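Listed here are the chains, written in short residue letters.
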Amino acid sequence: MLDPENITQETYESAIRDVGQVARDPHEVANQLREISALYGYYYGVMIKVKRLLDNSEDALENYKASARTAKRSEGVKLTAVAAEDYVQSLELTGELNNEVRRLKESYGYAKGICSTLEMKKDMLVQLSANSRQESKLYQ
């Protein structure tokens, strides 16, 4: 099972190796076609979960930045937009929140990649199945 909160390049590569295997035997093609919708559903659910985590992380970053600017202004300091942004970017927690957003964007990209791979696999399996049917007609 893939942990939506911690999809790394290694887990992505492992998942791609697992889902990317396309059968050559016509019976195995049929089996993979039967299983692909469940696999796609699972990984699409993972992608949705990562997207929600990413959205929450982006919201937390924006809320923190807004509250930091407001707190600085409440100290009586007049800030231009650029100065306020510079101040917020200099805060340690802003860097941590930015890193979390970047990490989750990467995880989301990996999850989307897995779903794209499954879509390509489905197309390939459908084509292999059609080719197999055509071949069997030739021998009849």
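Residues numbered from 1 in each chain as written. Predicted model: local features only at pLDDT ≥ 70, side-chain atom pairs only at ≥ 80, totals over all residues. Heavy atoms only, no water.

Student: What's the story with the pattern of salt bridges in this structure? I'm lost.
Tutor: It is possible for side chains of opposite charge to pair when their charged atoms get near one another. Evaluation of the coordinates by the stated rule reveals 8 salt bridges. As a salt-bridge pair, Asp55 and Lys51 come within 2.8 Å of each other at their nearest N and O atoms. Note that Asp55 and Lys51 are positioned in helix H2 (residues 26-74) at a spacing of 4 residues, about one turn of the helix. The exposure class assigned to Asp55 is partly exposed, which follows from its relative accessible area of 29%. Assessed through its relative accessible area of 31%, Lys51 is described here as partly exposed. The salt bridge involving Lys122 is made with Asp123; its shortest N-O contact spans 3.1 Å. What emerges from the salt-bridge pattern is a single network uniting Glu62, Lys65, Arg69 and Glu85. (Salt bridge = Lys/Arg side-chain N within 4 Å of Asp/Glu carboxyl O. Helix = DSSP H or I, 4+ residues; strand = E, 2+ residues; numbered from the N terminus. Buried < 20%, exposed > 50% of the residue type's maximum accessible area, 1.4 Å probe, protein only.)

Student: Would you explain the packing of aromatic side chains in this entry?
Tutor: Centre-to-centre distance and the angle between the planes together describe a pair of aromatic rings. For the structure shown, the criterion picks out 3 aromatic pairs. Between Tyr12 and Tyr110, the ring centres sit 4.8 Å apart and the planes meet at 25°, which makes this aromatic pair stacked. Here Tyr12 is found in helix H1 (residues 9-19), whereas its partner Tyr110 is found in helix H4 (residues 92-138), with 98 residues between them in sequence. Taking relative accessible area as the criterion, Tyr12 reaches 23% and is therefore assigned partly exposed. Here Tyr42 and Tyr43 contribute two aromatic rings whose centre-to-centre distance is 4.9 Å and whose plane-to-plane angle is 75°, an arrangement assigned as edge-to-face. Sitting above the plane of the Tyr108 ring, Lys51 keeps its charged end 5.7 Å from the centroid. (Phe/Tyr/Trp six-rings, centres within 6.5 Å; stacked < 30°, edge-to-face > 60°. Lys NZ or Arg CZ within 6 Å of the ring centre and 35° of its normal.)

Student: I would appreciate a short explanation of the side chain of Gln32 in the present structure.
Tutor: Inspection of the secondary structure puts Gln32 in helix H2. With a relative accessible area of 12%, Gln32 lands in the buried category. Apart from the residues within four sequence positions on either side, Gln32 is in contact with Gln21, Val22, Ala23, Lys121 and Leu125. (Contact = heavy atoms within 4.5 Å.)

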